[in-house]
Amino acid sequence: MKKSLAITIGSVNQAAREVIDAWHRAEHGKKAPESRAEILFTDLETLLKTLTLQRFRLLRQLRRSGPTSIRALAKALGRDYKNVHRDVIKLLRLGMIEKNEAGQILVPWDEIDARLDLAA
């Protein structure tokens, strides 16, 4: 089964409603729907500032190469170590990449599903 990460754009109120709904289900002993990894951005501008073309290329390279060091990743991308390190820290904080027990970084996702609601 593929592991996927959903990226959506929505309001803070929408995110709060989802948390409250999950809380109520848990209180009443109702089974939660299938869990999924999701990152919610409040607007398109924030998403585009966060998931830049360079960071997307970093994710793609890291997925292809498998677990590696930041230095090796920077070399594979032909980028400056300092800039790659900054991008890695940002992506780690978002949960888009992880570190393994050996301290190497990796992408745990097979795919990223980004959904943009044009009516929102």
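Further up the page is the structure itself.
Residues numbered from 1 in each chain as written. Predicted model: local features only at pLDDT ≥ 70, side-chain atom pairs only at ≥ 80, totals over all residues. Heavy atoms only, no water.

**Focus: a nonpolar patch on the surface**
Residues Leu 44, Leu 48 and Leu 116 make up a contiguous nonpolar surface patch of about 270 Å² in total accessible area. For Leu 44, the position within the fold is in helix α2 (residues 44–50). Judged by relative accessible area, Leu 44 falls into the partly exposed class, the value being 36%. (Patch = residues over 30% accessible without salt bridge, like charges linked within 9 Å, V, L, I, M, F, W, Y side chains within 5 Å. Areas by Shrake-Rupley, 256 points an atom, 1.4 Å probe, with all protein chains shown as cover. Salt bridge = Lys/Arg side-chain N within 4 Å of Asp/Glu carboxyl O. Helix = DSSP H or I, 4+ residues; strand = E, 2+ residues; numbered from the N terminus. Buried < 20%, exposed > 50% of the residue type's maximum accessible area, 1.4 Å probe, protein only.)

**Here we look at the side chain of Thr 50**
Relative to the helices and strands, Thr 50 is located in helix α2. A polar contact is formed between the side chain of Thr 50 and the backbone oxygen of Thr 46, at a distance of 2.7 Å. Each residue touching Thr 50, except ones within four places of it in the same chain, is listed here: Phe 41, Arg 55, Lys 90 and Leu 94. (Polar contact = N/O pair within 3.5 Å; in protein donor to acceptor, adjacent residues only side chain to side chain. Contact = heavy atoms within 4.5 Å.)

**Comments concerning the pairing of strand β1 (residues 4–9)**
It is a general feature of regular strands that their side chains alternate between the two faces of the sheet. When β1 meets strand β5 (residues 111–115), the two strands line up parallel, connected through five bridges. Along β5, the bridge assignment pairs Ser 4 with Glu 111. Bridge count between β1 and strand β2 (residues 37–41): five bridges; the pairing is parallel. Looking across to β2, one finds that Ile 9 is bridged to Phe 41. (Pairing = 2+ DSSP bridges.)

**Considerations on the nonpolar core**
Ranked by internal contacts, the top residues of the largest apolar core, which has 20 residues, are Val 88 and Met 96. Only β1, β2, α3 (53–65), α4 (70–77) and α5 (81–94) provide two or more residues apiece to this core. When residues no more than four places from it in sequence are discounted, the contact partners of Met 96 are Leu 5, Ile 7, Ile 39, Leu 51, Leu 59, Leu 91, Val 107, Pro 108, Trp 109 and Ile 112. (Core = buried A, V, L, I, M, F, W, Y, C linked by side-chain atoms within 4.5 Å.)

**Let's talk about the side chain of Gln 61**
Among the structural elements, Gln 61 can be located in helix α3. Judged by relative accessible area, which is 18%, Gln 61 ranks as buried.

**Notes on α3**
Along its 13 residues, α3 runs 18 Å from first to last C-alpha, staying within 8% of the 18 Å computed at 1.5 Å per residue. Taken as a whole, α3 has its buried residues at Arg 55, Leu 58, Leu 59, Gln 61 and Leu 62. Buried-residue contacts for α3 involve α2, α4, α5, β4 (105–106) and β5. Backbone geometry just after α3 places Gly 66 at a positive phi near 85°. (Expected span 1.5 Å × (residues − 1).)

**Comments concerning the pattern of salt bridges**
All told, the structure shown has four salt bridges when counted by the stated rule. The salt bridge partner of Arg 55 is Asp 87, with a shortest N-O separation of 2.9 Å. Linking Arg 55 in helix α3 with Asp 87 in helix α5, this pair joins segments that are 32 residues apart in sequence. Of the two residues, Arg 55 and Asp 87, neither departs from the other in class, the shared state being buried. We note a salt bridge from Asp 110 to Arg 63, for which the minimum N-O separation is 2.3 Å. You can see Asp 110 sitting in the loop between β4 and β5 and its partner Arg 63 sitting in helix α3, a full 47 residues away along the chain. The partly exposed category is assigned to Asp 110, whose relative accessible area is 36%.

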